[in-house]
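Understanding the architecture of this molecule
One-letter residues, chain by chain:
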Amino acid sequence: MRLVTPTALFATLLFVAATTATAAEKSDAEFFEQDVLPILEAKCLKCHGTGPLEGELSLVGRKAILKGGEGGEIVDLKKPAESRLLVAIGYEDEFFQMPPTGKISPKQIAVLTEWVTRGVPFPEKIAEELGNREPEHAAPPTVNAETRSHWSFQKVQRPEVPKVADDTWPTNDVDRFLLAKLEANGLHPAADLLAGDDVAKAKLLRRVHYDLTGLPPNPQQVEAFLAAEDAAAAYADVVDELLASPHYGEKWGRHWLDVVHYAETNSFERDNPKPEVWRYRDYVVSAFNQDKPFDKFVREQLAGDEIADPTLDSLVATGYFRLGLWDDESADPPQTRYDELDDFVTTTAQGMLGLTMNCSRCHDHKLDPIAQRDYYRFLAFFRDVESFQLGRDGMDKRFNVNGFHVDATHLATPELKKRFGERARQLDERIATLTEQMNEIVEAVRPNLPGGTRDDILSESNQLRIVRGFVGKGVQPKQKNRFEQLHREREGLRRQQSNIGLKVLGVRATKTPAETHVMARGNPHSPGDVVEPGIPEILGGGVPDITPTDRSTGRRLALADWIASADNPLTARVFVNRLWQHHFGRGIVRTPNNFGLKGDAPTHPELLDWLAAEFVEGGWKIKRMHRLLVLSSAYRMDSSHDEAAFEKDPANDLFWRFEPRRLTAEEMRDSVLAVNGRLHREVGGPSVYPPIPALVLKGQSRPGSGWPVSPEPARYRRSVYIHVKRSLLHPLLEGFDFADTDNTCPIRFTTTQPTQALTMLNGEFTGDQATAFAQRLLTAHPDDLRAQVTKGLELVTQRPVEKDEIDRGVAFVESLKTEDKLDHQPALRTYCLLLLNLNEFVYVD
């Protein structure tokens, strides 16, 4: 209910009275031109004038106004005060408020109220003049020959590899595409690090370690690489070693988790945890480690329960649908439901297709040829996914969430039978034996029972009650005691039976989904035409082959098959662009989630198409593409500045040098733990809760709630395993630009803020880790300051260190001891803190 203060109400009445008194002295034409028209032009005609009409409503001319729009009439001449136009401008209906940019003033409301009371007079001459004006905003794009010709809507065709003048530089065809453009613009690539000195080679080694695993090389790895006689062969071996590392999946899985806005809580006030959602994170990490084909990766997430032979992996993958926000006390359930469905549309369309289809929820897309009808047809593919809810489907209290319990009887796959089948068989046999013995007692006492009780005891649910209730009346005490003993054992085994297997947070689907309507203005309370699942018209339209099964509608599998098809013009392009983005600093298309008409055009369209074709023809294998990119000469380029090249191409659109970057938030924390020796490298499993400063926890509505601190060494696991609580992100990660957890996150924009420096210098985490770093150096070289400084520099810089660097470090520690009167350990700790704040440590290249 809206509350109006007496003061506000009195002010409005004064405006109405004053306006009415003034208006009464004017003719209808004068009143309209002097008072009404300025309001319409300032607040209304941009959307309801001569251009594309919002809600199919025109306010140009009395006839158009009385006709109304898609929601019906807006003016009631018989009951003017009840006109929907006045309801809208008065913000009396939370779903129908105009203008949407903000409520107009009481004086303006009074003018329009008087205008409606007069019968909305609108001089024809003015209406004609307005009708001849140029529209204030262009019509949304439609599907036509011009929009169909947009580069991203064309089927991928493998282009010819260009010829280059200098064919000694390219290592593979990726280089030829880049070099051809550089040569055409009078530029040349930066120096090859692999052909440089030891410092240059170490720079490349550090780059590829971080890019593929998110971790720095250790001094032994640096030494071995620099000692190799054949640098190119040694580098190729390093690439293979890193791609085979379990830490590769942790690094690249995190990129995908950004795209799907992975989080482990529901947001809103309570921000409760999503049980078992960490299994989805582990699925993603494992998928990258296993080099799972990307088309299969897509199918399992969208329809892992609908594929022909579901596996535990594919069911866990459907946790994709449980990653979003969930309001557990919604004031408007239909709105909450459509927000959930919109999240499915947004994440799938942007993350897998590079289309901002969500912009069509309320109206036709303003920038792309995607009609509102297309949006709801796409949404219909997900209509069978039941809403995330608590207390559904008989889930026990330890897992009372809309997921399911995977066991050997629920899903009879060889994988699950091997894992749980023997124990399930043993329990089944014992339970059957106990039931047989209990039935023997039932049959023994049944003839002694009165009347209908003889029939009632045949029902298992009645047996214990009857046996206990008729002791001495047909049941002997020893029969009762034995029955109770058997019953207790059987119920205990049944509880064990119900807990065999794994708890999985995945999709729960219905075979009879609700109809999908086109919602007027995106309002779930204003359903329009019914639509069926379908492909956006700009991408071919039509309905894919949907084959229902005995357990599902088959809708999501049909969508997944279309998205993961080699014929889809977007999927492969979008994903290889993400690969390029994370290796080279930015995508060939700088807007990774927007390949539409207004997204950035590719700087190297032929290269993008060549990579997409190579990806699909290579079986959608991701590690193969990594090798192609990181073994290229382009990847080995130095990041050094070149003034002449910079003048020609300041944005580095042509990739004449490698882009330097700061470590990601996770890389920064993991690197600190790696160099001080604390990093716990266990892969997979439930999330961990590193300590968070007390002052941060006090900012919660219930300080400390939902953050049980993990013991050592678990608290020092890699950052990808830190619990992602939407309302309480780990301060270090959040401070260094952790991914948005509410929306699909295509790019983490790197910020530079004073709080980052303060966190690294004064934060509890870095202070504690600097102490551990100093202890590592003391343990390795107990009585040798120079050796301690040397090892510290080698661990942090991951390159050969110079004598003058060591000298400066030794002098710094000595000065702290002599001038500041510090003991050796705190002095060394201060030096270690300095090392962790070096730009060379925090930045790659």
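Residues numbered from 1 in each chain as written. Predicted model: local features only at pLDDT ≥ 70, side-chain atom pairs only at ≥ 80, totals over all residues. Heavy atoms only, no water.

From N to C terminus, the protein chain includes 36 helices and six strands. Overall, the protein chain is about 100 × 95 × 65 Å in size when its C-alpha atoms are taken along their principal axes. For the protein chain, with 845 residues in total, the buried portion stands at 52%. For the protein chain, the proportion of contacts with a sequence separation of at least 24, taken over those separated by at least 6, is 69%. Accessible surface for the protein chain amounts to roughly 38,100 Å². Of this, 52% is attributable to carbon and sulfur atoms. Here the protein chain contributes 103 positive and 125 negative side-chain charges, whose respective centroids are spaced 6 Å apart. (Helix = DSSP H or I, 4+ residues; strand = E, 2+ residues; numbered from the N terminus. Buried < 20%, exposed > 50% of the residue type's maximum accessible area, 1.4 Å probe, protein only. Contact = heavy atoms within 4.5 Å. Areas by Shrake-Rupley, 256 points an atom, 1.4 Å probe, with all protein chains shown as cover. Lys, Arg positive; Asp, Glu negative; His and termini not counted. Charge placed at Lys NZ, Arg CZ, Asp CG, Glu CD.)

It is worth spelling out the pattern of salt bridges at this point. On inspection of all chains with the given rule, the structure shows 64 salt bridges. Between Lys366 and Glu54 there is a salt bridge, with its nearest N and O atoms 2.6 Å apart. Here the residue Lys366 occupies a position in the loop between α17 (333-353) and α18 (372-379), and Glu54 occupies one in the loop between α3 (45-48) and α4 (62-67), the gap between them amounting to 312 residues. A salt bridge links Glu805 to Arg799, with the shortest nitrogen-to-oxygen separation between them at 2.5 Å. Comparing Glu805 with Arg799 shows no difference in burial state: the two are buried. Taken together, the salt bridges that share partners define one network made up of Arg158, Glu614, Glu617 and Arg624. (Salt bridge = Lys/Arg side-chain N within 4 Å of Asp/Glu carboxyl O.)

The next point concerns the side chain of Lys274. Mapped onto the elements, Lys274 comes out in the loop between α13 (246-259) and α14 (278-289). The contacts of Lys274, once residues within four sequence positions are left out, are Ala263, Glu264, Thr265, Asn266, Arg322, Leu323, Gly324, Phe388, Leu505 and Arg726.

The next subject is the environment of Gly699. Looking at where Gly699 falls in the secondary structure, it is placed in the loop between α29 (694-697) and α30 (731-735). The spacing of Gly699 and Leu758 is 59 residues in sequence and 19 Å in space, taken between C-alpha atoms.

Going through the model one piece at a time under the given rule, you end up with 32 aromatic pairs. The interplanar angle of 20 degrees and the centroid separation of 6.4 Å between the aromatic rings of Tyr262 and Tyr280 together place this pair among those described as stacked. Residue Tyr262 is found in the loop between α13 and α14, and its partner Tyr280 is found in helix α14; the two are separated by 18 residues along the sequence. By the burial criterion, Tyr262 is buried, and Tyr280 matches it. Arranged with centres 6.2 Å apart and planes meeting at 35 degrees, the rings of Tyr280 and Tyr283 form a pair that is tilted. Of this pair, Tyr280 and Tyr283 both sit in helix α14, three residues apart, roughly one helical turn. Residue classification places Tyr283 among the buried positions, given a relative accessible area of 2%. One aromatic cluster is present, built from ring pairs that chain together Tyr248, Trp256, Tyr262, Tyr280, Tyr283, Phe288, Phe294, Phe297, Phe575, Phe615 and Trp620. (Phe/Tyr/Trp six-rings, centres within 6.5 Å; stacked < 30°, edge-to-face > 60°.)

Glancing now at the nonpolar core. Formed by 175 residues in total, the largest nonpolar core has its most connected members in Trp256, Tyr280, Phe378, Trp580 and Leu611. Sequence-distant contacts of Tyr280, defined by excluding residues within four places in its chain, comprise Trp256, Leu257, Val260, Tyr262, Gln301, Val316, Ala317, Gly319, Tyr320 and Leu323. Within the second largest apolar cluster, 28 residues are counted, among which are Ile39, Ile74, Leu86 and Ile109. (Core = buried A, V, L, I, M, F, W, Y, C linked by side-chain atoms within 4.5 Å.)

The next thing to look at is the confidence of the model for the protein chain. Summing up the model confidence of the protein chain, the mean pLDDT is 90 and the portion of residues at 70 or higher is 92%. Scored below 50 in pLDDT, residues 1-21 makes 14 contacts in the model with residues more than four places away or belonging to other chains. Every residue in residues 391-412 scores below 50 in pLDDT, and together they form 67 contacts with partners more than four places removed in sequence or on other chains. (pLDDT = per-residue confidence, 0-100.)

Residues of strand β3 (residues 516-519) alternate between two faces, with Thr516 and Val518 on one and His517 and Met519 on the opposite face, all of them buried. Both β3 and strand β4 (residues 527-531) contribute to a ladder of three bridges, which runs antiparallel. In the strand pairing of β4, Met519 is matched with Pro527. (Pairing = 2+ DSSP bridges.)

Turning next to α14. Side chains of residues three or four places apart in an α-helix project in the same direction, reflecting 3.6 residues per turn. For α14, spanning 12 residues, the distance from its first C-alpha to its last is 17 Å, which sits close to the expected 16 Å at 1.5 Å a residue. Counting buried residues in α14 gives 10 out of 12 residues, a clear majority hidden from the surface. Within the sequence span of α14, burial applies to Trp278, Arg279, Tyr280, Arg281, Asp282, Tyr283, Val284, Val285, Ala287 and Phe288. Just past α14, the residue Asp291 takes up positive phi, approximately 60 degrees. (Expected span 1.5 Å × (residues − 1).)

This brings us to the packing of helix α10 (residues 198-213) against α13. Closest axis-to-axis distance for the α10/α13 pair is 6 Å, and the angle between their directions is 75 degrees. With respect to α13, the axis of α10 lies roughly perpendicular. From α10, Tyr210, Asp211, Leu212 and Thr213 reach across to α13, where they touch His247, Tyr248, Lys251 and Trp252. Counted by class, the contact of α10 with α13 contains four nonpolar, two polar and two charged residues. (Axes fitted to C-alpha atoms, helices over the stretch in contact; angles between N-to-C directions. Parallel < 35°, antiparallel > 145°, perpendicular 65-115°, else oblique. Nonpolar A, V, L, I, M, F, W, Y, C, P; charged D, E, K, R; others polar.)

Turning our eyes to something else, we now look at the environment of Asp258. As for its placement among the helices and strands, Asp258 is situated in helix α13. Considered as a pair, Asp258 and Cys745 are 487 residues apart in the sequence and their alpha carbons are 5.2 Å apart. Asp258 has contacts with Ala739, Asn743, Thr744, Cys745 and Arg748, leaving out every residue within four places of it along the chain. At 2.8 Å, the side chain of Asp258 forms a polar contact with the side chain of Arg748. (Polar contact = N/O pair within 3.5 Å; in protein donor to acceptor, adjacent residues only side chain to side chain.)

Turning our attention to unusual backbone geometry. Residue Met98 is joined to Pro99 through a cis peptide bond whose omega torsion reads -5 degrees. By the element assignment, Pro99 lies in the loop between α5 (84-89) and α6 (106-117). In this structure, Val120 takes a positive phi of about 45 degrees despite not being glycine. With respect to the helices and strands, the residue Val120 is situated in the loop between α6 and α7 (124-131). Take Val120: its relative accessible area is 0%, and that puts it in the buried class.

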